[in-house]
Amino acid sequence: MIIDFHTHLDFYSDEQLHSELKNFCGTIIAASVDEKSYLRNCQLAKWAFENAKKCLVIPTFGIHPNSADENAPLLDDPQIIKRFQSYLDQSPIIGEIGMDFCWSECKAQNQEKVFRFFLDYCNKNHKACLIHTKDAEAQIADILTDYPNAKPIIHWYDGPENIFREFIRRDYPQTFGVETIRSAHVQNLLKVTPPHLLLAETDNPDSEIWLGGTRNDVALIQKVYQDLADLLKISLPELEKQIEKNARTFLGGKLGKISLTAPLQ
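The rules behind each value
Here the residue numbering is sequential within each chain, running from 1 through the sequence in written order. Totals for whole chains, interfaces and linings use all residues, but because this is a predicted model, local features are given only for residues with pLDDT of at least 70 and pairs of side-chain atoms are given and counted only at 80 or more. To obtain the side-chain values, all non-hydrogen atoms of the structure were used and water was disregarded. Per the convention used, a helix needs a DSSP run of H or I reaching at least four residues, while a strand needs a run of E reaching at least two, with both numbered from the N terminus. Note that the radius of gyration is over C-alpha atoms, with the globule rule given as 2.2 Å times the number of residues to the power 0.38. Here the term buried applies to any residue with accessible area under 20% of the maximum for its type, exposed to any over 50%, and partly exposed to those in between, with areas from a 1.4 Å probe on protein chains only. Should any heavy atoms of two residues lie within 4.5 Å, those residues are considered in contact. Methods summary: accessible areas were calculated by the Shrake-Rupley approach with a probe of 1.4 Å, and residue burial reflects only the protein chains presented. When DSSP locates at least two bridges between a pair of strands, those strands are taken to pair. The axes are straight lines fitted to the C-alpha atoms, using for helices just the contacting stretch, and the angles between their N-to-C directions are given from 0 to 180°.

Q: Any chance you could break down the overall build of the chain for me, citing the residues and the numbers?
A: Assigned secondary structure in the chain consists of eleven helices and eight strands. Its C-alpha atoms give the chain a radius of gyration of 17 Å, near enough to 18 Å, the size a compact globule of 265 residues would have. By its C-alpha atoms, the chain is 50 × 45 × 35 Å across when sized along the principal axes. Burial status across the chain gives 56% buried among its 265 residues. Taking as baseline every contact in the chain between residues at least 6 positions apart, the subset at least 24 positions apart corresponds to 73%. Of the roughly 11600 Å² that the chain leaves accessible, carbon and sulfur atoms contribute 51%.

Q: I'd like a rundown of the sheet that holds strand E2 (residues 26-30), residues and numbers included.
A: Strands sit in the order E1-E2-E3 across an open sheet of three strands; the sheet is parallel. In this open sheet, the two strands that pair with only one neighbour each are strand E1 (3-7) and strand E3 (55-59). Between one strand axis and the next, the sheet turns through 20 degrees on average, direction left out of account. Across three bridges, E1 lies against E2 in parallel orientation. Bridged to Ile3 within E2 is Thr27.

Next up, the structure:
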């Protein structure tokens, strides 16, 4: 089973996505950047379940650091918190969440408020969460110590090696994607990652094109797998088996299970 552990399916057009999902065999974790994004990913998961028999889409609820300013005030509203709680409860993994001091224009205090809201939920429920760390690596490493029962998965890390090694020491899984083949630094991080902490992603549909490539199709994850296998000097079947085993572990046995109940409004 091929597993793309981080995508943004809601960024695609229906026309492109429906065509490609019908021909894709594997599992796609569809990360959300806000409430609207999550609801669309739920719709796409239901469509895939009904129309793309070899493809499983797992929608996950999160608020991206780029969406922190408009969402932080909402976390003072008990009705909205109740609605968000329903999304969190039905999401097998939480994400995308985190902080970003490179590209995000949102205030740092709002980013941290939103980030801690999700971490508090994950800590209380022993749940995995996919974390964006760009240029906030040190702050995130410090914040995560306040939530020892949360289960962080670090998305597309390309920051300082010393913090990466601390994340590895804490047994945080790592996703590697389209930058890996292009970056000696990321390749070094890959090589020091224990096999049991390895996952693969595309961050589709924008990341490969942002890096100068031409593809943003769902099947791009197959190339990522091959690139990682080549860099690690292992066979593709061996890599596939390892990543599937890891994914099942990190999702607490929920891989292959999905709730298609419409989210509460």
